[in-house]
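# Descriptive analysis of the structure
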Amino acid sequence: MVRHIQAIRKLNIDHIAGKHDTHNIFIDYDGNLVLLTSVKKRDIHHHSIFYVTEWAVQKIIIPPSQEPLHYAQPLGDNWLLVNARAKNDTTHNAFVYDDTQNLMSSFHMGDGIEDVQTTKNGDIWTSYFDEGVFGDSIGASGLLCFDKKGVKIFDFVKFIQTPSNNEIPFIDDCYALNVSSNQTVYLYYYSDFPLVALHNKTDYELFNHEQFQESPIVGSKAFSIWKDYILFGHGYDVKGKIHLYSLQNKKIQSYLPVTEENDIINYDYAVGRKHKLFLVCKDDVYHVDIRDVI
């Protein structure tokens, strides 16, 4: 019998954002939700950021653009907006705005971007899906880190090609990224589906257990982590469940998330960072903290 785990309703997207065409959910380095919405009018994209903290919801309007923007993260006192696609290796697809709509800078971050997560000290960790990895782009590395000016300061392929790190598999498609702190980054990726922890851009831990090759772990797009436990969102199969994995005893426990009224949450996708996992179900967002599950 699959156990139930209660998820707390965090917000309703329509209630906060009103009418819009598309939206994306992200988490910042402090665990706050970032909602990016888009409305397309006459081939022009109008984006808004809704920054959800415990105390308030701040709305930041981004100047209209001809291209869509898919990712939003705080970058110091400013905001980083990123288009997942880049037409060529000179196309600027990363834009830094202040909170009064002024464009502060822009730079190229490669094509086929899967995720973008910034740190408190201004690092920009960027992962890439298969079209970026196997395309003609800097995304061929699978994972890069840029500084706040867009200068590349970490390259995953160069890192694993050093003799001491060559047991780490290459990335074909970086399914999930969890930038836990200024020092530590976790990633989980196709095709071997290992969990790799990077520390200070110089050291690593590799977790490549047999359980990662079996359902329900394989193919998850999000996870949260706390000490020796990982909470995965659903993978290729068994939609709607979440899975607690112990790195110590290598065991998996699956759960069905339920509301406070004990209704099952058939969520569409999950977003994870640090110890928090958010479940997005239509227009509602629910929160599960891995520390409560443990």
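Scroll up to find the structure.
Definitions and cut-offs
Residues numbered from 1 in each chain as written. Predicted model: local features only at pLDDT ≥ 70, side-chain atom pairs only at ≥ 80, totals over all residues. Heavy atoms only, no water. Helix = DSSP H or I, 4+ residues; strand = E, 2+ residues; numbered from the N terminus. Rg over C-alpha atoms; globule rule 2.2 N^0.38 Å. Buried < 20%, exposed > 50% of the residue type's maximum accessible area, 1.4 Å probe, protein only. Contact = heavy atoms within 4.5 Å. Areas by Shrake-Rupley, 256 points an atom, 1.4 Å probe, with all protein chains shown as cover. Lys, Arg positive; Asp, Glu negative; His and termini not counted. Charge placed at Lys NZ, Arg CZ, Asp CG, Glu CD. 1 Å grid on protein atoms, 1.4 Å probe; cavity = no way out; pocket = protein on both sides within 12 Å on 5 of 7 lines; lining within 4 Å. Points joined across faces, edges and corners; volume = space filled by probe spheres on them. Phe/Tyr/Trp six-rings, centres within 6.5 Å; stacked < 30°, edge-to-face > 60°. Core = buried A, V, L, I, M, F, W, Y, C linked by side-chain atoms within 4.5 Å. Pairing = 2+ DSSP bridges. Axes fitted to C-alpha atoms, helices over the stretch in contact; angles between N-to-C directions. Polar contact = N/O pair within 3.5 Å; in protein donor to acceptor, adjacent residues only side chain to side chain. Disulfide = S-S within 2.5 Å.

Turning next to the overall build of the chain. What the chain contains, in helices and strands, is four helices and 25 strands. Taking 2.2 N^0.38 as the reference for a compact globule, 294 residues should give roughly 19 Å; the C-alpha atoms of the chain span a radius of gyration of 19 Å, in line with that estimate. Here the chain, with 294 residues, has 56% of them falling under the buried criterion. The contacts of the chain with a sequence gap of at least 6 include a subset with a gap of at least 24, amounting to 43%. Total accessible area computed for the chain in this model is approximately 13700 Å², and 46% of it derives from carbon and sulfur atoms. Each charge class in the chain was averaged separately, 27 positive and 38 negative side chains, and the resulting centres sit 4 Å apart.

Empty space among the atoms becomes visible once a probe the size of a water molecule is rolled across them. The calculated volume of the largest pocket comes to roughly 590 Å³. Around the largest pocket, the lining is made up of 29 residues, and of these Glu114, Lys221, Tyr269, Ala270 and Val271 lie nearest the centre. One number sums up the size of the second largest pocket: a volume of about 190 Å³. Lining the second largest pocket are Ser65, Gln66, Glu67, Leu69, Asn83, Arg85, Ala86, Lys87, Thr91, His92, Asn93 and Phe95.

Turning next to the packing of aromatic side chains. This model, assessed by the stated rule, comprises 14 aromatic pairs. Measuring from ring centre to ring centre gives 5.9 Å for Phe223 and Phe232, while their planes differ by 45°; the resulting arrangement is tilted. You'll find Phe223 and Phe232 in the same group, each marked buried. Connected via pairs of aromatic rings, a cluster forms that spans Tyr175, Tyr188, Tyr190, Phe193, Phe223, Phe232 and Tyr236.

Next up on the list: the nonpolar core. Among the nonpolar cores identified, the biggest contains 29 residues, and Ile49, Leu80, Leu81 and Met109 are the most heavily contacted of them. Look past the residues within four positions of Ile49 in its chain and what remains in contact with it is Val34, Leu35, Leu36, Gln58, Lys59, Ile60, Ile62, Ala72, Trp79 and Leu81. In terms of nonpolar packing, the next biggest core, distinct from the first, is built from 18 residues, Phe154, Leu177, Val179 and Val185 among them.

A word on the sheet that holds strand S12 (residues 124-128). Spatial strand order, S11-S12-S13-S14: four strands in an open sheet with antiparallel pairing. Looking at the sheet topology across the chains shown, the edges are occupied by strand S11 (113-118) and strand S14 (152-155). For this sheet, the mean inter-axis angle between neighbouring strands, taken without regard to orientation, is 20°. Sheet topology places strand S13 (residues 143-146) next to S14; three bridges connect them, and they run antiparallel.

Tracing the backbone through its elements, the reader meets Asp123 in the loop between S11 and S12. Residue class for Asp123 comes out buried when judged on its relative accessible area of 7%. A distance of 2.8 Å separates polar atoms of two side chains, one belonging to Asp123 and the other to Lys201. Excluding residues that lie within four positions of it along the chain, Asp123 makes contacts with Gln117, Thr118, Cys145, Phe146, Ile153, Asn182 and Lys201.

The subject of this paragraph is the side chain of Asp111. Within the element layout of this structure, Asp111 appears in the loop between strand S10 (103-107) and S11. Classification of Asp111 by relative accessible area gives buried; the value is 14%. Within the structure, Asp111 has its side chain in polar contact with the backbone nitrogen of Ala86 (distance 2.9 Å). Discounting residues that sit within four places of it in the chain, Asp111 has contacts with Ala84, Arg85, Ala86, Tyr128, Gly132, Ser137 and Gly139.

A few words now on the state of the cysteines. Linking two cysteines covalently via their sulfur atoms produces the bond known as a disulfide. Enumeration over the complete set of coordinates arrives at zero disulfides. A disulfide-free cysteine, Cys145 has its sulfur positioned 13 Å from the sulfur of Cys174, the nearest such atom. Relative accessible area serves as the criterion here: at 1%, Cys174 is assigned to the buried category.

The next point concerns the environment of Thr91. Following the sequence through the fold, Thr91 ends up in the loop between strand S8 (78-82) and strand S9 (94-97). Its relative accessible area of 22% is what places Thr91 among the partly exposed residues. Dropping the residues within four chain positions of it, Thr91 is found in contact with Ala86 and His108. A distance of 3.0 Å separates polar atoms of two side chains, one belonging to Thr91 and the other to Asn88.

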